[in-house]
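Here is how the chains run, residue by residue.
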Amino acid sequence: MSEINMRRLKIHTGIRCRKHNRKTVYPFLRIEGNWLLKAGFNPENHAYVIIQDGCITIKAEAEARTPMRA
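Bear in mind the structure is a predicted one, so any value in this text is a computation, not a measurement.

The next subject is the overall build of the protein chain. Assigned secondary structure in the protein chain consists of one helix and four strands. Its helices and strands taken in sequence order, the protein chain reads β-β-α-β-β from the N to the C terminus. Residue burial in the protein chain is summarised as follows: out of 70 residues, 6% are buried. Surface exposure of the protein chain reaches about 7,200 Å², of which carbon and sulfur atoms provide 50%.

Turning next to the pairing of strand β4 (residues 55-60). Pairing between strand β3 (residues 47-52) and β4: six bridges, direction antiparallel. Across the sheet, isoleucine 50 pairs through a bridge with threonine 57, a residue of β4. Between β3 and β4, which follow one another and run antiparallel, lie two residues, and glycine 54 among them has a positive phi close to 70°.

In total, this model carries one aromatic pair according to the counting rule given. Each ring, one from tyrosine 26 and one from phenylalanine 28, has its centre 6.3 Å from the other, and the planes form 40°; the classification is tilted. Note on tyrosine 26: relative accessible area 25%, which makes it partly exposed. Under the relative-accessibility criterion, phenylalanine 28 is labelled partly exposed at 32%. Over the face of the ring belonging to tyrosine 26 we find arginine 16, whose NZ or CZ atom lies 4.0 Å from the ring centre.

Let us now look at the pairing of strand β1 (residues 11-17). Sheet analysis places β1 next to strand β2 (residues 23-29), joined by seven bridges and oriented antiparallel. Counted as the bridge partner of cysteine 17 is lysine 23 from β2. In sequence, β1 turns back onto β2 through a hairpin of five residues, with histidine 20 there showing a positive phi of about 60°.

Definitions and limits used
- Residues numbered from 1 in each chain as written.
- Predicted model: local features only at pLDDT ≥ 70, side-chain atom pairs only at ≥ 80, totals over all residues.
- Heavy atoms only, no water.
- Helix = DSSP H or I, 4+ residues; strand = E, 2+ residues; numbered from the N terminus.
- Buried < 20%, exposed > 50% of the residue type's maximum accessible area, 1.4 Å probe, protein only.
- Areas by Shrake-Rupley, 256 points an atom, 1.4 Å probe, with all protein chains shown as cover.
- Pairing = 2+ DSSP bridges.
- Phe/Tyr/Trp six-rings, centres within 6.5 Å; stacked < 30°, edge-to-face > 60°.
- Lys NZ or Arg CZ within 6 Å of the ring centre and 35° of its normal.

Pasting the structure below:
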């Protein structure tokens with residue numbers, strides 16, 4: 001996939017129930033669709049998630065095999 005495409009995703013709210021009636025609220029993204037397959041993300045394979053301030057990069061495992069800096 002050589003062209004750059006941008007997707008706009010909704011950041012959802014998740015809630016986990018904890019002990020003693022406590023709840024934890026957290027953000028989550030749902031990423032799914034045939035566009036992932038076209039980008040090289042095959043079902044049952046793994047991906048790497050690189051997290052930086054205000055930026056999340058997701059790489060298919062085959063692409064991410066080159067050493068990455070921490």
